[in-house]
Amino acid sequence: MSDTQTRTLADLKDLAVAQGSTVSGEVPAASREPKRDAQGRSYGTGRRKDAVARVWVKPGKGDIQVNGKKVGTYFARPVLRMLITQPFLVTDRYNQFDVYCTVTGGGLSGQAGAVRHGISRALVNYEPELRSVLKVAGFLTRDPRVVERKKYGKAKARRSFQFSKR
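- Labelled according to an unreviewed UniProt entry, the chain appears under the name Small ribosomal subunit protein uS9, originating from Granulibacter bethesdensis.

This is the structure in structure tokens:
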């Protein structure tokens, strides 16, 4: 288990405050400007496994819509809903933003990860000073793990066919 996964939300906030915006290669938050469209929304693209999420974030009362459905209907498992709300909890912005997103590809777990990645990127576009907190939490990093391809002469990616002595 990695170090980031074992930290609590409070630990992540404290760590981000202690580091400030000194994450390597990062431009200070003061020099960044928010990116918002005419409706006051910010956009972020999230990816995980084969899933791609297009996410729009705007100030509101915490409504989250995924592919035109409420988040509770689309992601029925509580773990997936918790995954999606993590960026808001880490940044103390829970129930302050409405989220509209469209997700394609992959399964539900990959789609939830893609939505979390997209929400994090959209929040940074809306409020650039949140970047250090989200970066330390690991929400701005695209998870590179994907399914290994099947090889010829194998039943799956690595599994061999059953051996028969006779």
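**Regarding the overall build of the chain**
Phase 1 of the analysis: When you go through the chain residue by residue, the secondary structure sums to 6 helices and 5 strands.
Phase 2 of the analysis: The order of α-helices and β-strands along the chain, N terminus first, is α-α-β-β-β-β-α-α-β-α-α.
Phase 3 of the analysis: Within the chain, counting contacts between residues at least 6 apart in sequence, those at least 24 apart form 69% of the total.
Phase 4 of the analysis: Accessible area for the chain stands at about 10300 Å²; split by element, carbon and sulfur atoms hold 52% of it.

**Remarks on helix α5 (residues 108-126)**
Phase 1 of the analysis: For α5, built from 19 residues, the straight-helix expectation of 27 Å at 1.5 Å per residue is met to within 8% by its first-to-last C-alpha distance of 26 Å.
Phase 2 of the analysis: Within α5, 14 of the 19 residues are buried, which leaves it mostly tucked inside the rest of the structure.

**Some points on the packing of aromatic side chains**
Phase 1 of the analysis: If you walk through the whole model with that rule in mind, you get 5 aromatic pairs.
Phase 2 of the analysis: Ring centres 6.1 Å apart and planes at 35 degrees place the aromatic pair W56 and Y100 in the tilted group. Of this pair, W56 sits in strand β2 (residues 51-59) while Y100 sits in strand β5 (residues 97-104); the two residues are 44 residues apart in sequence, bridging distant segments of the chain.
Phase 3 of the analysis: Take Y100: its relative accessible area is 37%, and that puts it in the partly exposed class.
Phase 4 of the analysis: Feature note: the residues Y43, W56 and Y100 constitute an aromatic cluster, connected by ring pairs.
Phase 5 of the analysis: The ring centre of Y126 lies 3.8 Å from the NZ or CZ of R36, which sits over that ring.

**Some remarks on the sheet that holds strand β4 (residues 69-70)**
Phase 1 of the analysis: If you trace the 5 strands from one edge of the open sheet to the other, you get β1-β2-β5-β3-β4, paired in mixed fashion. The two strands at the open ends of the sheet, each matched to only one other strand, are β1 (42-48) and β4.
Phase 2 of the analysis: Running over the sheet, α5 touches β1, β2 and β5 and is turned about 150 degrees from β1.

Cut-offs used in this document
- Residues numbered from 1 in each chain as written.
- Predicted model: local features only at pLDDT ≥ 70, side-chain atom pairs only at ≥ 80, totals over all residues.
- Heavy atoms only, no water.
- Helix = DSSP H or I, 4+ residues; strand = E, 2+ residues; numbered from the N terminus.
- Contact = heavy atoms within 4.5 Å.
- Areas by Shrake-Rupley, 256 points an atom, 1.4 Å probe, with all protein chains shown as cover.
- Expected span 1.5 Å × (residues − 1).
- Buried < 20%, exposed > 50% of the residue type's maximum accessible area, 1.4 Å probe, protein only.
- Phe/Tyr/Trp six-rings, centres within 6.5 Å; stacked < 30°, edge-to-face > 60°.
- Lys NZ or Arg CZ within 6 Å of the ring centre and 35° of its normal.
- Pairing = 2+ DSSP bridges.
- Axes fitted to C-alpha atoms, helices over the stretch in contact; angles between N-to-C directions.

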